[in-house]
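Understanding the architecture of this molecule
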Amino acid sequence: MLIFLWAESEGGVIGYHGHLPWHLPADMHFFKTQTTGHTVIAGAKTFASFKRPLPNRQNVVVSHRPASAFPAGVTVLNSLTAVRQYAAEHAAEKLFVVGGATLFSGLAADVDQLYRTQIHATFPGDTVMPAIDYTQFERIGHQPGVRDERNPYDYEFDQFQRKGSTEAAGSSDAQ
Ligand SMILES: NC(=O)c1ccc[n+]([C@@H]2O[C@H](COP(=O)([O-])OP(=O)(O)OC[C@H]3O[C@@H](n4cnc5c(N)ncnc54)[C@H](OP(=O)(O)O)[C@@H]3O)[C@@H](O)[C@H]2O)c1
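Residues numbered from 1 in each chain as written. Predicted model: local features only at pLDDT ≥ 70, side-chain atom pairs only at ≥ 80, totals over all residues. Heavy atoms only, no water.

With an unreviewed UniProt entry as reference, the protein chain is termed Dihydrofolate reductase, source organism Levilactobacillus spicheri. Listed under Catalytic activity (unreviewed entry) in UniProt, the entry text for the protein chain is "(6S)-5,6,7,8-tetrahydrofolate + NADP(+) = 7,8-dihydrofolate + NADPH + H(+)". UniProt annotates the protein chain under Function (unreviewed entry) with the comment "Key enzyme in folate metabolism. Catalyzes an essential reaction for de novo glycine and purine synthesis, and for DNA precursor synthesis." (UniProt positions renumbered as here; feature names shortened; annotations may be inferred.)

Put into structure tokens, the structure is as follows:
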């Protein structure tokens, strides 16, 4: 099952200068909770922003570069076709596509579920989430974010499932 997991601020901003535009520990916790024990699929720029393979997850990187350009243990896929083939071969597993915009754009027709964090604040950005046709999805989960000293924004977590999908609807616990 292919799942998009991302956070966006007002205007769909998701990145700035190769990094997240904000510091929101509650969303990082959500990311870790949801993806641990599963597979993360990242574009090469997003993977570089992690600094190292994410622990306790199968790391898949999409890049034109050879596997030798990446740390041992990382699976490197050289095209979106290869990603689709990988997804077909691991259909029973949770495969979290964690960005960036190039992967979200290229795989929008293939994704089964969406895990979206919306941050109701404005940040400077140079990378924007590609348009998602939400009429193709139904909402299957919602959790409001808790605003506090360390997370000084209003934010919320939503999960969507593609309509008519035969995949089992997963649930998630954000907090
Ligand atoms: N807010 C969020 O939830 C979130 C999530 C993820 C990322 N981000 C942010 O988004 C920004 C990065 O996004 P991005 O769209 O610029 O980059 P990206 O998707 O992370 O990486 C782009 C790179 O992926 C490889 N790639 C992409 N499509 C490919 C294909 N079809 N075949 C082979 N390789 C392919 C290429 O790497 P090579 O050059 O190695 O070939 C390309 O340069 C950063 O600021 C990051 O922090 C935000």
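Per-chain confidence: the protein chain averages 95 in pLDDT, with 94% of residues scoring 70 or above. Ranking the helices and strands of the protein chain by mean pLDDT puts strand β6 (residues 95–97) first, with 99, and helix α2 (residues 44–50) last, with 97. Throughout residues 169–175 the model reports pLDDT below 50, and contacts reaching past four residues in sequence, or to other chains, amount to 21 contacts. (pLDDT = per-residue confidence, 0-100. Helix = DSSP H or I, 4+ residues; strand = E, 2+ residues; numbered from the N terminus. Contact = heavy atoms within 4.5 Å.)

With that settled, the discussion passes to the nonpolar core. Phe47, Phe50, Phe70, Phe96, Val98 and Ile119 are the most contacted members of the largest nonpolar core, which has 27 residues in total. Elements represented by at least two residues in this core include exactly β1 (2–8), α1 (25–35), β3 (39–43), α2, β7 (113–119) and β10 (155–162). Those residues within four positions of phenylalanine 96 in sequence are excluded, and the remaining contacts are Ile3, Leu5, Gln34, Thr35, His38, Thr39, Val40, Ile41 and Tyr115. Within the second largest apolar cluster, 23 residues are counted, among which are Phe4, Val60, Tyr86 and Phe137. (Core = buried A, V, L, I, M, F, W, Y, C linked by side-chain atoms within 4.5 Å. Buried < 20%, exposed > 50% of the residue type's maximum accessible area, 1.4 Å probe, protein only.)

Once that is clear, we can look at the UniProt feature "domain: DHFR" (unreviewed entry) in the protein chain. Feature annotation in UniProt assigns "domain: DHFR" (unreviewed entry) to the following positions: residues 1–162. From the first C-alpha to the last, residues 1–162 spans 11 Å; its make-up is 21% helix and 31% strand.

To continue, consider the pairing of β1. Among the 7 residues of β1, 7 are classified as buried, and the element is accordingly described as predominantly covered. Covered by surrounding structure in β1 are Leu2, Phe4, Trp6 and Glu8 together with Ile3, Leu5 and Ala7, the residues of both alternating faces. Both β1 and β7 contribute to a ladder of 6 bridges, which runs parallel. Residue pairing in the sheet places alanine 7 in a bridge with threonine 117 of β7. (Pairing = 2+ DSSP bridges.)

Take the environment of glycine 37 next. Counting through the fold element by element, glycine 37 comes out in the loop between α1 and β3. Since its relative accessible area comes to 60%, glycine 37 is described here as exposed. In this structure, the C-alpha to C-alpha distance between glycine 37 and proline 55, residues 18 residues apart in sequence, is 9.1 Å. Apart from residues lying up to four places away in sequence, glycine 37 is in contact with Asn56 and Arg57.

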